[in-house]
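Fold and geometry: a report
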Amino acid sequence: MLLYFYYLKRLMSIDISPPKEKAQKAYPENKQLFERLKRKKPKNLDDTFHALHEEVFEQIECLDCANCCKTTSPIFYERDIERLAKFLKIRPSEFIEKYLHIDEDNDYVLNVAPCPFLDSENYCTVYEARPTACREYPHTDRKRMVQILDLTLKNIEICPAVFWIVERMKERY
């Protein structure tokens, strides 16, 4: 029974507001944790991330937030551009001209935020053809998490789920 109340308390403690301020406050502690994890490379790191990913996403509905779509752009690879252009029934060059530019890292990204394909109810209007980066976001269920800890550190500011996954990671490590 005590375990049930503990779980219920955790369930109610999930805040899905954009975590930028909380993440910035926790940044030094999170960076220190991730540096330690990169050095030690725990064998169970992927399993821990994946379990916490499942736990947190049982409590968070992405459509209630969509902060990733409102504030950032995915990287668009050639295959993403081709898939989206086909979905929209336009040429890839038209898609690039209308929606994308090349950023400082020489990657194609959206011209504007929020994403032009996000509707008023936080649904993606190109969901079936969305970019690979959108399909995989927030990347907390990937293999070899130790390799993307720097990306995860950035995503803490954007995604409430990542924020809570990392908060729970701190309890375990």
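Residues numbered from 1 in each chain as written. Predicted model: local features only at pLDDT ≥ 70, side-chain atom pairs only at ≥ 80, totals over all residues. Heavy atoms only, no water.

**Digging into the overall build of the protein chain**
Within the protein chain, the secondary structure is distributed over 9 helices and 2 strands. Going residue by residue from the N terminus, the α and β elements of the protein chain occur as α-α-α-α-α-α-β-β-α-α-α. Residue burial in the protein chain is summarised as follows: out of 173 residues, 37% are buried. Of the roughly 10,900 Å² of accessible surface on the protein chain, 53% is carried by carbon and sulfur atoms. (Helix = DSSP H or I, 4+ residues; strand = E, 2+ residues; numbered from the N terminus. Buried < 20%, exposed > 50% of the residue type's maximum accessible area, 1.4 Å probe, protein only. Areas by Shrake-Rupley, 256 points an atom, 1.4 Å probe, with all protein chains shown as cover.)

**Digging into the pattern of salt bridges**
Across all of its chains, the model carries 9 salt bridges by this definition. Arg168 serves as the salt-bridge partner of Glu55, at 2.5 Å between the closest nitrogen and oxygen. Here Glu55, found in helix H3 (residues 45–57), pairs with Arg168, found in helix H9 (residues 160–172); they are 113 residues apart in sequence, far enough to count as distant. For Glu55, a relative accessible area of 22% gives the class partly exposed. (Salt bridge = Lys/Arg side-chain N within 4 Å of Asp/Glu carboxyl O.)

**Comments concerning the packing of aromatic side chains**
Each aromatic ring pair is described using two quantities: the centre-to-centre distance and the angle formed by the ring planes. The final tally for this structure, using the stated rule, is 5 aromatic pairs. Note on Phe76 and Phe95: the rings are 6.0 Å apart at their centroids and 50° apart in plane angle, and the pair reads as tilted. One end of the pair, Phe76, is in the loop between helix H4 (67–71) and helix H5 (78–88); the other, Phe95, is in helix H6 (residues 92–99), with 19 residues separating them in the sequence. Taken individually, Phe76 and Phe95 each receive the classification buried, so the pair is uniform in this respect. Between the aromatic rings of Phe163 and Trp164, the centroid separation amounts to 5.1 Å while the plane-to-plane angle is 90°, which identifies the pairing as edge-to-face. For Phe163, a relative accessible area of 5% corresponds to the buried category. Taken together, the aromatic side chains of Phe76, Phe95, Tyr99 and Phe117 make up a single cluster linked through ring pairs. Above the plane of the ring of Phe163 lies Lys22, whose end atom (NZ or CZ) is 5.1 Å from the centre. (Phe/Tyr/Trp six-rings, centres within 6.5 Å; stacked < 30°, edge-to-face > 60°. Lys NZ or Arg CZ within 6 Å of the ring centre and 35° of its normal.)

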